[in-house]
Amino acid sequence: MSISSSSETGAQHISLSAKERADDSVELAIRAFGEGFCARGAAFFSVAELKIFVSALRDFPLIGEPFISGGYLDDAGDNIVNENFYISVSQLKTSGLLVMNVRAFTPHPEYWKKGLGFGGRCSYFLYYEDLKKFTDEFERLVGEESSYFKFSNFTNL
């Protein structure tokens, strides 16, 4: 877990940015802010993967637990061995309360194959109207209409 400056802590929020775009893929970077810390991570995704995630987030009610996950793949390129980026959303209560789980990991430049680095996990509570706002901004990021957004429409329980 990496500690952030006091100006970045306080209210829980996440920020996402599209760092690099090429050949129908995009590198997404995430910073997840919790109480007193910031977890950071990044991974490459195909635009098709991101559009599927956006579509799943638009379901009402949510079907299952939509998620997106990326990181370093095994030698065959089939399985993630070091997860650097993860977002999922699931229904917590039938009243419309949802939980967004975020995991972010920054691998050590030399020892990443051993799974060493810095990271963390945050859980955020939100409602469907807030999920719609998040999804709209995420879709703009995927569609190259923006390269960064900060999201803080989370509910304190």
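This report concerns the structure included in the present document. (Residues numbered from 1 in each chain as written. Predicted model: local features only at pLDDT ≥ 70, side-chain atom pairs only at ≥ 80, totals over all residues. Heavy atoms only, no water.)

### Overview of the pattern of salt bridges
Phase 1: Summed over the entire model, instances satisfying the criterion amount to six salt bridges.
Phase 2: Asp-136 is paired through a salt bridge with Lys-132; the nearest N and O atoms lie 2.8 Å apart. Separated by four residues within a single helix, Asp-136 and Lys-132 lie in helix α2 (residues 128-142), roughly one turn from each other.
Phase 3: We classify Asp-136 as partly exposed; its relative accessible area is 26%.
Phase 4: A salt bridge links Glu-145 to Arg-140; the nearest nitrogen and oxygen atoms lie 3.5 Å apart.
Phase 5: Here Arg-140 falls in the partly exposed class, since its relative accessible area comes to 33%.
Phase 6: The network of salt bridges with shared partners includes Arg-58, Lys-132, Asp-136 and Glu-139. (Salt bridge = Lys/Arg side-chain N within 4 Å of Asp/Glu carboxyl O. Helix = DSSP H or I, 4+ residues; strand = E, 2+ residues; numbered from the N terminus. Buried < 20%, exposed > 50% of the residue type's maximum accessible area, 1.4 Å probe, protein only.)

### What about unusual backbone geometry?
Phase 1: Put simply, Phe-60 and Pro-61 share a cis peptide bond, and its omega is -5 degrees.
Phase 2: Tracing the chain through its elements places Pro-61 in the loop between α1 (47-57) and β4 (67-73).
Phase 3: In the Ramachandran plot, Asp-23 falls in the positive-phi region, its phi being about 45 degrees despite a non-glycine side chain.
Phase 4: Considering the arrangement of structural elements, one finds Asp-23 in the loop between β1 (13-22) and β2 (25-34).

### What about the nonpolar core?
Phase 1: Among the nonpolar cores identified, the biggest contains 37 residues, and Ile-87, Met-100, Phe-134 and Phe-138 are the most heavily contacted of them.
Phase 2: Per-element tally for this core: the top contributor is α2, with six residues.
Phase 3: Each residue touching Ile-87, except ones within four places of it in the same chain, is listed here: Leu-16, Ile-30, Phe-53, Pro-66, Phe-67, Ile-68, Met-100, Asn-101, Val-102 and Phe-134. (Core = buried A, V, L, I, M, F, W, Y, C linked by side-chain atoms within 4.5 Å. Contact = heavy atoms within 4.5 Å.)

### Quick word on the packing of aromatic side chains
Phase 1: Per the counting criterion, the structure on display carries nine aromatic pairs.
Phase 2: In this arrangement the basic side chain of Arg-103 is found over the ring face of Tyr-86, its NZ or CZ atom lying 3.6 Å from the centre. (Phe/Tyr/Trp six-rings, centres within 6.5 Å; stacked < 30°, edge-to-face > 60°. Lys NZ or Arg CZ within 6 Å of the ring centre and 35° of its normal.)

### Some points on the pairing of β1
Phase 1: Bridge count for β1 against β2 is nine bridges, and the pairing is antiparallel. Its bridge partner being in β2, Ile-14 is matched across the sheet by Ala-32.
Phase 2: Where β1 meets strand β8 (residues 148-151), four bridges bridge the pair, whose relative direction is antiparallel. Bridged to Ile-14 within β8 is Phe-151. (Pairing = 2+ DSSP bridges.)

### Examining α2
Phase 1: Helix length check: α2 (15 residues) gives 20 Å between terminal C-alpha atoms against 21 Å at 1.5 Å per residue, within 8%.
Phase 2: Listed as buried for α2 are Tyr-128, Asp-130, Leu-131, Phe-134, Thr-135, Phe-138, Leu-141 and Val-142. Projected down its long axis, α2 carries its buried residues within an arc of 145 degrees, all on one side.
Phase 3: Just past α2, the residue Glu-144 takes up positive phi, approximately 65 degrees. (Expected span 1.5 Å × (residues − 1). Arc of directions from axis to C-beta.)

### Thoughts on the side chain of Asn-101
Phase 1: As for its position among the elements, Asn-101 is in strand β6 (residues 97-107).
Phase 2: According to the relative accessible area criterion, Asn-101 is buried, its value standing at 11%.
Phase 3: Apart from residues lying up to four places away in sequence, Asn-101 is in contact with Tyr-86, Ile-87, Ser-88, Arg-121, Cys-122 and Ser-123.

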